[in-house]
Amino acid sequence: MIELEGIKKVFRMGSQSLEALKGVSLKIERGEFISIMGPSGSGKSTLMNIIGCLDTPTEGEYVLDSDRVAGLSFDQLAAVRNRKIGFVFQNFNLLPYATAWENVELPLLFDGKNARKRKERVTELLKAIGLYDWREHRPSELSGGQQQRIALARALANDPPILLADEPTGNLDSRSGEEIMDILTELWKEGRTIVMVTHNDRISAHSQRIVRLFDGLVLP
Amino acid sequence: MIGIFFRNLVRDLIRQPLRTSLTLSGVVWGTFSVVLLIAFGDSVGKAQIKRFHGMGQGIVLMFPSRTTLPWQGFLKGKPVRVTPEMVEEIPDKVPGIEVISPEFVGSRLISYGRKEFRNTVRGVNPGFERMRNTIAEKGRFINPEDMAGRKRVCMIGDVLAADLFGSGEVIGQTIFIDSVPFTIVGVMLKKSQNSNYNGQRDERCAFIPWTTFSTLYGYKYVSNFIFRPLDLGRSKAVTEDIKKHLSKLLGFNPADPDAIFTWDTMDFEKQFTTFFLAFTVFLGVIGSFTLLVGGVGVASIMRVVVEERTREIGIKLAVGARRRTILWQFFSESLMIMLLGGLVGFGLSAGALQAVKAFPTGSFVEFIGMPVLNPLVIVSTVLILLVIGVVAGMLPARTAASTDPIAALRK
Ligand SMILES: Nc1ncnc2c1ncn2[C@@H]1O[C@H](COP(=O)(O)OP(=O)(O)OP(=O)(O)O)[C@@H](O)[C@H]1O
Ligand SMILES: [Mg+2]
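Residues numbered from 1 in each chain as written. Chains lettered and ligands numbered in written order. Predicted model: local features only at pLDDT ≥ 70, side-chain atom pairs only at ≥ 80, totals over all residues. Heavy atoms only, no water.

K.L.:
What am I meant to see in the sheet that holds strand S4 (residues 59-64) of chain A here?
P.N.:
Pairing between sheet strands relies on hydrogen bonds along the backbone, with the strands arranged either parallel or antiparallel. Residue and element names in this part refer to chain A. Spatially, S2-S1-S4-S5 is the arrangement adopted by the 4 strands of the open sheet, whose pairing is antiparallel. On the outer flanks of this sheet lie strand S2 (16-28) and strand S5 (67-68), each paired with one strand and no other. Sheet topology note: the strand S1 (residues 2-13)/S2 ladder contains 10 bridges and is antiparallel. Residue pairing across strands places phenylalanine 11 opposite leucine 18, the latter belonging to S2. Along the sheet face, helix H1 (residues 44-51) touches S1, S2 and S4 and points at about 120 degrees away from the line of S1. (Pairing = 2+ DSSP bridges. Helix = DSSP H or I, 4+ residues; strand = E, 2+ residues; numbered from the N terminus. Contact = heavy atoms within 4.5 Å. Axes fitted to C-alpha atoms, helices over the stretch in contact; angles between N-to-C directions.)

Here is the structure:
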């Protein structure tokens, strides 16, 4: 379960500072499928990064499965990102010089899984997203939809209970977008918690609940 | 895991071949310098010590002189006179002596046919050969029979032999020493020698039995004597015992520092060894600076690499890489460049040393010796490489590991 209480985030750039989140409180139950919507610059990505333990709030309390995230060390946070939370980005964030296979394998490597387990899991994932035949290709040789599917497979490598997707379809044509959404819906049905950012009403229609952000605050 | 690790490493290195090879060349050159300088220092030191051993190894030279303290009614300045018989009796009275020889030294006219040289003639006993490394290459050194029979035989230095006979037969020839005929029984094996006490270097000397020397020239007292202690570490104590024994025999103060002047080659050798060790270390330090420049090159290139790969680091951190995983990735990459450069540097220097060996330059070898890749050279170079490599690798790797994932992903 994800519990955010009074989360503030201030970015400082030299003498200027910008309050991207101004006190966000949010509770997400296990197994929920949530969309976060809001205008550009309203703090959606900032919130996602905090939920994903990529960033830390300036103020406020974040409790993830009864752990106070503020109390975790850098390497403990790395372990959370590795096993508990899968993250999908709008721009895929694949390693450009690594093959599809190697990109999917990355979280398994960081988790210290042995070669046999890695091979089994990567094969399973690539087959599930229908890109097993593309395993030796680099991201630049794949379409946007294919890249995002690779990124999804990578996010799922260690079978995390939570999946965060920041505009996963933002860079895709509608057909590829629908494919991604089908996979996400499937994953949710398997019991995963899914938090997704989107601008698109047709995309958000897949989710159970919509949270609207405006200027760093959650709209009631 | 290890396999993937190396595959990625190699891929990273060959992704920028020009940059990698430029960085490598700095390390290669540095290693090359370190190896050659240390090998050079080491071989010069060894060559010099070998030349020093040419005079003799583990020996003490004792020169009877004059008293400088009054003793039992005698004023100071009394000459200390030692006969060769006294010298040869010393081992019966003083324990701990392996071998001892009296020595007469004189400058004599040596001639063969129309060739004439005024060279040093040494009257000694057979023990001299071992102590002073005057080994016979052809024939033999003088032997006990020569001694007992006061025979007119001699062994001559290799240079003297060449001066007198050119490349002709030497053994069995008769030469004249101050118009007295002597039969040559041996020619000395050529040796490297950097110093001698009174007289010429051994390569120009004639060695004859001291018995013959004293009979022919009427000498009673030795110019000096030489001994080697059984235990080289006890040379000081044995020397003192000999002084005490002779002082009783001849009547001088055993504490008189100058009555018998002594030269312990082991003292000299210690200083010599220390000096050349310092010399080698000095050269090694100079070489290390070159390698340091290579290391700085690696560090600064790696800093650029880290900068360029910030995004990659961000992605890895986002999917669960720990700090030390990132640290190790960049650290090992720098270290790999260092070790690869080191390896090539070693190869090149081994080639260079091999090339030096191919030059048959006699006098060069005598002074410089033969620089080789011996364990000292290898171990010190590897240590220097490792130290510089670890520092050069650690700095950029720590920068990489402290990357903020969000800032990195926004690039
Ligand atoms: N690392 C950062 N440093 C400085 N300012 C930042 C940083 N991250 C976000 N911001 C600023 O915080 C505000 C919120 O940004 P955020 O990326 O969360 O918006 P968003 O809702 O995701 O917008 P978009 O729909 O365009 O993705 C923006 O004004 C942005 O410029
Ligand atoms: Mg955003």
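K.L.:
Honestly, the site of ligand 1 in this entry has me stumped. Any pointers?
P.N.:
Not every one of the 15 residues close to ligand 1 is listed here, only the nearest: A:Ser40, A:Lys44, A:Ser45, A:Thr46 and B:Arg410. More than one chain reaches ligand 1: the nearby residues come from chains A and B. Taking A:Ser45, its side chain carries an N or O atom lying 2.7 Å from an oxygen atom of ligand 1. In this structure, a nitrogen atom belonging to ligand 1 sits 2.7 Å away from a side-chain N or O atom of B:Arg410. (Near = heavy atom within 4 Å. Polar contact = N/O pair within 3.5 Å; in protein donor to acceptor, adjacent residues only side chain to side chain.)

K.L.:
What's the story with the confidence of the model for chain B in this structure? I'm lost.
P.N.:
Interpretation of the predicted coordinates at a detailed level should be avoided for regions scoring low in pLDDT. Averaged over every residue, the pLDDT of chain B is 89; residues scoring 70 or more account for 97%. Quick note on the complex model: pTM equals 0.72, ipTM equals 0.95. (pLDDT = per-residue confidence, 0-100.)

K.L.:
Looking at this structure, how should I read the pairing of S1(A)?
P.N.:
It is a general feature of regular strands that their side chains alternate between the two faces of the sheet. Residue and element names in this part refer to chain A. Where S1 lies against S4, 5 bridges are found, and the strand directions are antiparallel. Bridge pairing links lysine 8 to glutamate 59 in S4. Counting the residues between successive antiparallel strands, the hairpin from S1 to S2 contains 2 residues, one of them, glycine 14, with a positive phi of roughly 65 degrees.

K.L.:
Sorry, what's going on with the environment of A:Lys44 here?
P.N.:
Residue and element names in this part refer to chain A. Position of lysine 44 relative to the elements: it lies in helix H1. As for lysine 44 and arginine 202, which are separated by 158 residues in sequence, their C-alpha atoms are 18 Å apart. With residues up to four places along the chain from it excluded, the contact list for lysine 44 reads Ile36, Met37, Gly38, Pro39, Val197, His199 and Leu213. At 2.9 Å, the side chain of lysine 44 forms a polar contact with the backbone oxygen of proline 39.

K.L.:
Whenever I open this one, helix H6 (residues 158-165) of chain B confuses me. Can you help?
P.N.:
For an α-helix the count is 3.6 residues per turn, leaving residues at separations of three or four pointing the same way. All names here are of chain B. Counting buried positions along H6 yields 6 of 8 residues, so the element is predominantly enclosed. Taken together, the buried positions of H6 are Asp158, Val159, Leu160, Ala161, Leu164 and Phe165. Check the buried side of H6 and you find it contacts strand S2 (97-112), strand S3 (115-124), strand S5 (153-156), strand S6 (174-177), strand S7 (180-188) and strand S8 (206-209). One or two residues past the end of H6 sits glycine 166, with phi positive at roughly 60 degrees. (Buried < 20%, exposed > 50% of the residue type's maximum accessible area, 1.4 Å probe, protein only.)

K.L.:
Please explain the packing of aromatic side chains as it appears in this structure.
P.N.:
Two descriptors summarise a pair of aromatic rings, namely the distance from one centre to the other and the angle between the planes of the rings. The tally for this structure, following the rule as stated, stands at 16 aromatic pairs over all chains. Relative to B:Phe213, the ring of B:Phe104 lies with its centre 5.2 Å away and its plane at 5 degrees, an arrangement referred to as stacked. Remark: B:Phe213 occurs in helix H7 (residues 210-217) and B:Phe104 occurs in strand S2; sequence separation between them is 109 residues. Residues B:Phe104 and B:Phe213 agree in their burial class; the two are buried. Put simply, the rings of B:Phe104, B:Phe213, B:Tyr217 and B:Tyr219 pair up and form one aromatic cluster. Lying over the aromatic face of A:Tyr132, A:Arg135 brings its terminal NZ or CZ to 4.2 Å of the ring centre. (Phe/Tyr/Trp six-rings, centres within 6.5 Å; stacked < 30°, edge-to-face > 60°. Lys NZ or Arg CZ within 6 Å of the ring centre and 35° of its normal.)

K.L.:
Sorry if this is basic, but what is going on with the interface of chain B and chain A here?
P.N.:
Interfaces are often described in size by the accessible area the parts lose on coming together. Contact residues are listed per partner, giving 22 residues for chain B and 24 residues for chain A. Carbon and sulfur atoms supply 61% of the area that chain B and chain A bury against each other, a total of about 2200 Å² over both sides. At the boundary of chain B and chain A, one finds 1 salt bridge. The shortest N-O distance in the salt bridge between B:Arg324 and A:Asp75 comes to 3.8 Å. Applying the counting criterion to the chain B and chain A interface returns 5 residue pairs in polar contact (both at pLDDT 80 or more). Elements represented by at least two residues in the side of chain B that touches chain A include exactly helix H1 (2-15), helix H10 (310-318), helix H11 (323-358) and helix H14 (405-409) of chain B. Partitioning the side of chain B that touches chain A into residue classes produces 10 nonpolar, 2 polar and 10 charged. (Buried area = accessible area lost by both parts, 1.4 Å probe. Salt bridge = Lys/Arg side-chain N within 4 Å of Asp/Glu carboxyl O. Nonpolar A, V, L, I, M, F, W, Y, C, P; charged D, E, K, R; others polar.)

K.L.:
Please clarify how the packing of H11(B) against helix H13 (residues 375-401) of chain B should be interpreted in this entry.
P.N.:
The packing of two helices is summarised by the inter-axis angle and the distance between the axes. All names here are of chain B. Packing of H11 against H13 brings their axes to within 8 Å, and their N-to-C directions diverge by 150 degrees. Of the possible angle classes, the one that applies to H11 and H13 is roughly antiparallel. Considering the relative orientation of H11 and H13, their crossing is right-handed. Residues belonging to the contact of H11 with H13 are distributed by class as follows: 20 nonpolar, 5 polar and 2 charged. (Parallel < 35°, antiparallel > 145°, perpendicular 65-115°, else oblique. Left-handed = near helix turned anticlockwise from the far one by under 90°.)

K.L.:
Help me understand the packing of helix H9 (residues 265-308) of chain B against H13(B) in this model?
P.N.:
Residues and elements named next belong to chain B. The geometry of H9 relative to H13 is characterised by a closest axis approach of 9 Å and an angle of 20 degrees between their N-to-C directions. For the element pair H9 / H13, the angle class is roughly parallel. The element H9 and its partner H13 pack so that their crossing is right-handed. Contact residues: H9 offers Gly284, Ser288, Leu291, Leu292, Gly295, Ala299, Met302, Arg303 and Val306, while H13 offers Ile384, Leu385, Ile388, Ala392, Leu395, Pro396, Thr399 and Ala400. Residues of the contact of H9 with H13, tallied by class, amount to 12 nonpolar, 4 polar and 1 charged.

K.L.:
Sorry if this is basic, but what is going on with a nonpolar patch on the surface here?
P.N.:
Residues and elements named next belong to chain B. A surface patch of nonpolar side chains, amounting to about 560 Å² of accessible area, comprises Leu277, Val281, Val285, Phe289, Leu292 and Val296. If you trace the backbone, valine 285 turns up in helix H9. Among the residues examined, valine 285 registers a relative accessible area of 41% and is labelled partly exposed. (Patch = residues over 30% accessible without salt bridge, like charges linked within 9 Å, V, L, I, M, F, W, Y side chains within 5 Å. Areas by Shrake-Rupley, 256 points an atom, 1.4 Å probe, with all protein chains shown as cover.)

K.L.:
Whenever I open this one, the sheet that holds strand S10 (residues 217-218) of chain A confuses me. Can you help?
P.N.:
Residue and element names in this part refer to chain A. Strand order across the open sheet formed by 6 strands is S6-S7-S8-S3-S9-S10, with mixed pairing between neighbours. Edge positions in the sheet fall to strand S6 (85-88) and S10, since each has one partner strand and no second. As defined by bridge partners, strand S7 (residues 162-166) adjoins strand S8 (residues 193-197) across 5 bridges and the pair is classed as parallel. Directly across from aspartate 166, in S8, lies its bridge partner valine 197. Sitting on the sheet, helix H5 (residues 144-155) is in contact with S6 and S7, with an inclination near 165 degrees to S6. Helix H6 (residues 174-189) rests against strand S3 (33-37), S7 and S8 of the sheet, and its axis sits at about 150 degrees to S8.

K.L.:
Even after reading the chapter, I still don't get a negative patch on the surface, so can you show me in this structure?
P.N.:
A cluster of acidic side chains, namely B:Glu85, B:Glu88, B:Glu89 and B:Asp92, defines a negative patch on the protein surface. On the secondary structure map, B:Glu88 appears in helix H3 (residues 84-93). (Lys, Arg positive; Asp, Glu negative; His and termini not counted. Charge placed at Lys NZ, Arg CZ, Asp CG, Glu CD.)

K.L.:
Help me understand unusual backbone geometry, please; the structure alone is not making it clear to me.
P.N.:
For residues that are not glycine, phi is negative in most cases, and the peptide bond is trans in most cases. Residues and elements named next belong to chain A. You will see that cysteine 53, though not glycine, has its phi angle at about 60 degrees, which is positive. Considering the arrangement of structural elements, one finds cysteine 53 in the loop between H1 and S4. We note that aspartate 215 has phi near 50 degrees; this positive angle belongs to a residue other than glycine. Within the secondary structure layout, aspartate 215 lies in the loop between strand S9 (209-214) and S10. According to the relative accessible area criterion, aspartate 215 is partly exposed, its value standing at 43%.

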